[in-house]
Amino acid sequence: MPGVSARALSHEERRQLAVNLTRVLALYRSILDAYIIEFFTDNLWGTLPCSWQEALDGLNPPQLATLLLGMPREGEVVRYRSVWPLTLLALKSTAYALAFTRKPGFQSPSEFLENPSQSSRLTAPFRKHVRPKKQHEIRRLGELVKKLSDLTGCTQVVDVGSGQGHLSRFMSLGLGLMVKSIEGDQRLVERAQRLDQELLQALEKEEKRNPQVVHTGPRHFPHHVVRWVDPTALCEELLLPLESSPQGGARLLLTGLHACGDLSVALLRHFSCCPEVVALASVGCCYMKLSDPGGYPLSQWVAGLPGYELPYRLREGACHALEEYAERLQKAGPGLRTHCYRAALETVIRCAQPELRRPGVQGIPRVHELKIEEYVQRGLQRVGLDPQLPLNLAALRAHQAQENRVVTFFSLALLLAPLVETLILLDRLLFLQEQGFHAELLPIFTPELSPRNLVLVATKRPLGQAFSVLETEDS
C-alpha cells in the first residue's frame, strides 16, 4: 500500500499533514466509529452512500483486496468492473496519500526463504524459543539500536517492557551492547534469566564445535530488573547506570519493542525530561490502551486542532493488521464469515435481552464448519443466555446471504485505520520537535510479518544524513 514517508516532510509539512488527517477522519467518522458486530442491528450497509453500495455490492473478497485495499496479487492486472463514484475513489486515494508508508526502504532477500520458521539472518542459538515474527523483530530493531548507539555514543541501552528478554539477549550477547532490561512481571523476568543462561551455554558449545568462528568483542549478560514503569512519573531505576563511564555520566538509549499503550508514552517523557537519555528507538502498539487524556495528544499542535479526538473505537481499529487481512481476502477462505456470524448473533442477543449490547464472546472454534444457527446457539451459551431460544432461521439465512457486504464494510474501516495510526505517531513526532529534539519515523519490519512496524527514532543532537544509515539492511 502506498503512503508518505515522514522523513520526506519538513516540520511545517508534518503540521499540515496533521490538519489534513483530522479533517479526513472527521469526514469518515461514521465508518470508523461503527462496530462490525452491529452490522445488522444498526443497518451499517444502509449508512453508506447509494452510489458506494452499487459499486461495492457483489465484489468478492479477492476483488476487495485488489480494488479497495490496493493490494493485488503479484502480477495481477487491476480492472474495475464498473465506474466507481468519485467520492469512493477520493476515499481510496486519500487513505493511500495521507498514511505513513509501512514499506521498508530497502530490498533484501527474504530471511525465511529457505525455512519459514527460521531466520537465515540469526544463528540457531538466537532462534531457539523465538517465533519467526519475533526473530525478524529482534534482529531488525537490535541492529538499528546498535547503529544508533554507535552514532550517539551511548554507553547503555535500556529495554523497557522487555518481557522474556529476547531483544535484550540479542543486543547484549549478540551485538555486544550493555543492556538493562526492565519488566514488571516477575515470572517473565525469571524466565528471561533462565533463557540467558541457556543461550550462553549454547553459544559456548557452538564455539567449541566451530573453533574457526572466534567471537570478538565484549559479551555481556543483560541486567534484568523487576519494575513497573509508571507512565505519569519518572522511573529512577530506568536512569541508573550499570557501571560508571570513563567519560563521566552515562549516556542512555531507551528502546521498547511494541511498548504497549502508555508505556511508549513513558519512553517519550523520559527521553524529553532526562539529560542522561540521549537517544530513543521505540515501536509502539495497543493504541486503545492509551490514557485519555494523557496518552494522546502529546503535542500542542495536534491538541489545538478541531476534531483531534480519537476515542477508543478509532484507536482500537488502528491496531488491525491491514496486510494480513488483505491476504485473507485474496485467499477467500471460509474464516471470513466470522464477522457476519457474530453480527447475526448480536441481533438474536438484543431480541432476547435488549439491554445486553456487544457482550464479549469467547472464541468459538472452527466457525467455518458450523451452520449459522449452530454458531448462534453456542454464542448464546457463551454470553449466559438460553441456547435453546427459538430462532428465526429465515432471518439468519438472510443475514448469512449478506456475508460479502459485512466483509466489504469491514474492509472500508480497515482502509481508513492507518490514518488513525498515522495521526497518533505524527503527534509524537511533533511533540518531540516542539521541544527542539530531532525525530524521525522509519518502517523497520516487513509489514506482512509485523503490522506495527514504524519505529520512532529520536536524538538530542542532529544526525543529518546519518539517519539514512539506520534505514539500510546489513548484508
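Attention in this report is confined to the structure presented alongside it. All figures in this text were calculated on a predicted structure; none of them were measured in a lab.

Right, let's get into the pattern of salt bridges. Overall, the coordinates contain 26 salt bridges when judged by the stated rule. The residue Arg358 makes a salt bridge to Glu38 at a minimum N-O spacing of 2.9 Å. Of this pair, Arg358 sits in the loop between α15 (338-352) and α16 (372-382) while Glu38 sits in the loop between α2 (29-33) and α3 (50-56); the two residues are 320 residues apart in sequence, bridging distant segments of the chain. Given the relative accessible area of 8%, Glu38 is considered buried. Its salt-bridge partner being Glu323, residue Arg102 comes within 2.7 Å of it at the nearest N-O pair. With Arg102 in the loop between α5 (86-98) and α6 (124-127) and Glu323 in helix α14 (residues 322-331), this residue pair connects regions lying 221 residues apart in the sequence. The buried category is assigned to Arg102, whose relative accessible area is 8%.

For the coordinates displayed, the defined rule picks out eight aromatic pairs. Here Phe39 and Phe409 contribute two aromatic rings whose centre-to-centre distance is 6.3 Å and whose plane-to-plane angle is 75°, an arrangement assigned as edge-to-face. Of this pair, Phe39 sits in the loop between α2 and α3 while Phe409 sits in helix α18 (residues 403-434), and the two are 370 residues apart along the sequence. Of the two residues examined, Phe39 and Phe409, each falls in the buried class. Both rings, one in Phe271 and one in Phe437, keep their centres 5.1 Å apart while their planes meet at 70°; by these two values the pair is edge-to-face. One end of the pair, Phe271, is in helix α11 (residues 262-273); the other, Phe437, is in the loop between α18 and β6 (438-443), and 166 residues separate them in sequence. For Phe271, a relative accessible area of 0% gives the class buried. In textbook terms, an aromatic cluster arises when at least three aromatic residues are bridged by ring pairs, as seen for Phe39, Phe40 and Phe409. The residue whose ring lies beneath Arg358 is Tyr35, and the NZ or CZ to ring-centre distance is 3.9 Å. For Lys460, the ring lying beneath its charged end belongs to Phe271, and the centroid distance is 5.1 Å.

What counts, and where the lines are drawn
Residues numbered from 1 in each chain as written. Predicted model: local features only at pLDDT ≥ 70, side-chain atom pairs only at ≥ 80, totals over all residues. Heavy atoms only, no water. Salt bridge = Lys/Arg side-chain N within 4 Å of Asp/Glu carboxyl O. Helix = DSSP H or I, 4+ residues; strand = E, 2+ residues; numbered from the N terminus. Buried < 20%, exposed > 50% of the residue type's maximum accessible area, 1.4 Å probe, protein only. Phe/Tyr/Trp six-rings, centres within 6.5 Å; stacked < 30°, edge-to-face > 60°. Lys NZ or Arg CZ within 6 Å of the ring centre and 35° of its normal.

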